[in-house]
Amino acid sequence: MFRASFIYLSQAAWAKQIISNWSVARRAASRFVAGEKLEDALQAVERLNQEGFNTTLDHLGEHTSTEQKAYNATEDIIAIIDSIENTNTRASISIKLTQIGLAIDKKLCEKNLEKILSHASQKSSFVRIDMEDSPWIDNTLELYWKMRNDHNLHNVGLVIQSYLYRSVEDVERLMSGGGKVRLCKGAYKEPKEIAYPKKPDVDANFDRISKLLIDQALQLGAEGVSEDGRIPPLCAIASHDQDRLEFAKDYAHEVGLSKSALEFQMLYGIRRELQNQCLEEGYPVRIYIPYGTEWYPYFTRRLAERPANLWFFISNYFRN
Ligand code: FDA
């Protein structure tokens, strides 16, 4: 109920209008968002790189409503790719397809995605396509395969959400093509007809898919993160749930997958002690760094994940 209400709010235009302009909310969001400008995010990247983390940059934005805005978002992403090269940072890029036009027209999105991936390919950069809620999944998968098969662009990876019943099948198909996968639990409210409603089932499916990814990484040569930190390995486990991480570590150890081929990914500002622990144990850790003025839906999804975050938000109000 709590989670459903916040996920509803994350998509409600009226709530976005009110909360985005509220300075208390902006201050609370800064725990999860590196700032409003690319320079803010690059500072966070630099600091995290110095500590030994790799990063992925997300210029926040989704459900872009006009062709011009989708074009602008595409150009912004290209500018991030250039900044990563110019500043020589250990960063990849994460994007959402509705940010670059999927909610307007699939062909437009394809054109923009190809432009981004071609540019990233020239700069030896890697682009991860985040997975959005279920209405976008088939088109996201279709465009991913189009990029690889029709445009010969392979510097791209996808996200699989363990709360969906379909995910084992999707991941098997992705792995058969040597795809790079980030596994997460899933951040949206999905109906019980398509997603496990209970957390233990989501967790069990997460472990099941972790195993598949680890087996596949081992079979394909256990490639690690690229030297410059920009290209992740085949298998990326994205969670702050210690049990899920321990399961993946134990299984990888049991089958003999080297630590360098098992990347953990976590969100900026969440469970820093766990981020440090994984790093100290010798695993590559990539921090997902969101930035930009469109922080409202991202922030609300973070509130939805953890009721305690609401108290953090309220305490910010009283500190005002
Ligand atoms: P879980 O929710 O069980 O949390 C485990 C523990 O982590 C909690 O007990 C708490 O300590 C801590 N924690 C988790 N969320 C927190 C929060 N918001 N604030 C404070 N503490 C928190 N989803 C999606 O649908 N599509 C995508 O493309 C991505 N991409 C993505 C990238 C990366 C790098 C990460 C880490 C996550 C995503 N997600 C995502 C989000 C993901 O689906 C999921 O919603 C969150 O990671 C929370 O789930 P956990 O696996 O952390 O477990």
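Going by the structure above, here's the rest.
Residues numbered from 1 in each chain as written. Predicted model: local features only at pLDDT ≥ 70, side-chain atom pairs only at ≥ 80, totals over all residues. Heavy atoms only, no water.

S.K.: It is not clear to me how the site of the ligand should be interpreted in this structure. Could you clarify?
M.R.: Taken together, 26 residues are adjacent to the ligand, and Lys185, Gly186, Lys199, Ser239 and Glu305 come closest. One of the side-chain N or O atoms of Gln161 is found 2.9 Å from an oxygen atom in the ligand. Note that an oxygen atom of the ligand is positioned 2.6 Å from one of the backbone N or O atoms of Gly186. When isolated, the ligand has an accessible area of 930 Å², and the protein chains bury 88% of it. In this structure, the ligand is accommodated by the largest pocket. Only β4 (156-161), β5 (180-184), β7 (262-267) and α12 (296-305) provide two or more residues apiece to the shell around the ligand. Take the shell around the ligand: its biggest share by element is three residues, from β7. For the shell around the ligand, the class distribution of residues is ten nonpolar, six polar and ten charged. (Near = heavy atom within 4 Å. Polar contact = N/O pair within 3.5 Å; in protein donor to acceptor, adjacent residues only side chain to side chain. Areas by Shrake-Rupley, 256 points an atom, 1.4 Å probe, with all protein chains shown as cover. 1 Å grid on protein atoms, 1.4 Å probe; cavity = no way out; pocket = protein on both sides within 12 Å on 5 of 7 lines; lining within 4 Å. Sits in = over half its atoms within 2 Å of the grid points. Helix = DSSP H or I, 4+ residues; strand = E, 2+ residues; numbered from the N terminus. Nonpolar A, V, L, I, M, F, W, Y, C, P; charged D, E, K, R; others polar.)

S.K.: What is the right way to look at the pairing of strand β2 (residues 91-95) in this model?
M.R.: Regular strands place their side chains on alternate faces of the sheet. Burial within β2 is extensive, with five of its five residues counted as buried. Side chains Ala91, Ile93 and Ile95 project from β2 onto one buried face, and the interleaved Ser92 and Ser94 project onto a second face that is buried too. Relative to β2, strand β1 (residues 54-59) runs parallel, the two being bridged by three bridges. Within the sheet, the bridge partner assigned to Leu57 lies in β2 and is Ile93. With helix α5 (residues 67-87) bridging β1 and its parallel neighbour β2, the resulting β-α-β unit is right-handed. Crossover connection from β2 via helix α6 (residues 106-122) to parallel strand β3 (residues 127-129): handedness right-handed. (Buried < 20%, exposed > 50% of the residue type's maximum accessible area, 1.4 Å probe, protein only. Pairing = 2+ DSSP bridges. Right-handed = clockwise from strand over helix to strand, strands pointing away.)

S.K.: Quick question: what am I supposed to make of helix α4 (residues 38-51) here?
M.R.: Within an α-helix, residues lying three or four positions from one another point in the same direction, as the helix has 3.6 residues per turn. A rise of 1.5 Å per residue sets the reference length of α4, with its 14 residues, at 20 Å; its end C-alpha atoms lie 20 Å apart and thus fit the reference within 8%. Taken together, the buried positions of α4 are occupied by Leu38, Ala41, Leu42, Ala44, Val45, Leu48 and Asn49. Seen along its axis, α4 keeps its buried residues to an arc of 160°; they face one direction. The exposed residues of α4 that point more than 90 degrees off its buried face are Gln43 and Gln50. Buried residues belonging to α4 abut β1, α5, β2 and β8 (285-291). Positive phi shows up at Gly52, right after α4, with a value of about 110°. (Expected span 1.5 Å × (residues − 1). Arc of directions from axis to C-beta. Contact = heavy atoms within 4.5 Å.)

S.K.: So what exactly am I meant to see when it comes to the packing of aromatic side chains here?
M.R.: For any pair of aromatic rings, the description consists of the separation of the ring centres together with the inter-plane angle of the planes. Counted under the stated rule, the structure contains six aromatic pairs. Both rings, one in Tyr165 and one in Tyr196, keep their centres 4.7 Å apart while their planes meet at 85°; by these two values the pair is edge-to-face. Of this pair, Tyr165 sits in the loop between β4 and α8 (167-176) while Tyr196 sits in the loop between β5 and α9 (199-219), and the two are 31 residues apart along the sequence. Take Tyr165: its relative accessible area is 36%, and that puts it in the partly exposed class. In this structure an aromatic cluster arises from ring pairing among Phe32, Trp295 and Phe299. The cationic tip of Lys259 hangs over the ring face of Tyr283; the distance from NZ or CZ to the ring centre is 5.2 Å. When the ring centre of Tyr298 is taken as origin, the NZ or CZ atom of Arg302, which lies over that ring, is 4.5 Å away. (Phe/Tyr/Trp six-rings, centres within 6.5 Å; stacked < 30°, edge-to-face > 60°. Lys NZ or Arg CZ within 6 Å of the ring centre and 35° of its normal.)

S.K.: Is there a simple way to explain the side chain of Glu263 in this structure?
M.R.: Structurally, Glu263 is set in strand β7. Judged by relative accessible area, Glu263 falls into the buried class, the value being 0%. Here the side chain of Glu263 touches Arg286 through a polar contact of 3.0 Å, side chain to side chain. Not counting residues up to four positions away in its chain, the partners in contact with Glu263 are Val225, Pro232, Pro233, Cys235, Ala236, Ile237, Pro284 and Arg286.

S.K.: I keep staring at the pattern of salt bridges and nothing clicks. Help me out?
M.R.: A pair can form between side chains of opposite charge whenever their charged atoms are brought close. Within this structure, the stated rule accounts for 28 salt bridges. The closest approach of N and O atoms between Lys249 and Glu246, which form a salt bridge, is 3.3 Å. Placement of both Lys249 and Glu246 in helix α10 (residues 242-255) is noted, with a separation of three residues, approximately one turn of the helix. According to the relative accessible area criterion, Lys249 is buried, its value standing at 5%. When its relative accessible area of 25% is taken as the criterion, Glu246 is described as partly exposed. One connected set of salt bridges, linked through shared partners, spans Lys185, Lys199, Asp203, Asp207, Asp241 and Arg244. (Salt bridge = Lys/Arg side-chain N within 4 Å of Asp/Glu carboxyl O.)

S.K.: Mind showing me how you'd approach the packing of α6 against helix α7 (residues 137-149) here?
M.R.: The axes of two packed helices give the description: the angle between them and the distance between them. Running from N to C, α6 and α7 cross one another at 45°; their axes reach a closest spacing of 11 Å. By the angle between their axes, α6 is oblique relative to α7. In this structure, α6 meets α7 at a crossing whose hand is right-handed. Of α7, the residues touching α6 (which contributes Lys106, Lys107, Cys109, Glu110, Leu113, Glu114 and Leu117) are Asn139, Glu142, Leu143, Lys146 and Met147. Here the contact of α6 with α7 is built from residues that sort into five nonpolar, one polar and six charged. (Axes fitted to C-alpha atoms, helices over the stretch in contact; angles between N-to-C directions. Parallel < 35°, antiparallel > 145°, perpendicular 65-115°, else oblique. Left-handed = near helix turned anticlockwise from the far one by under 90°.)

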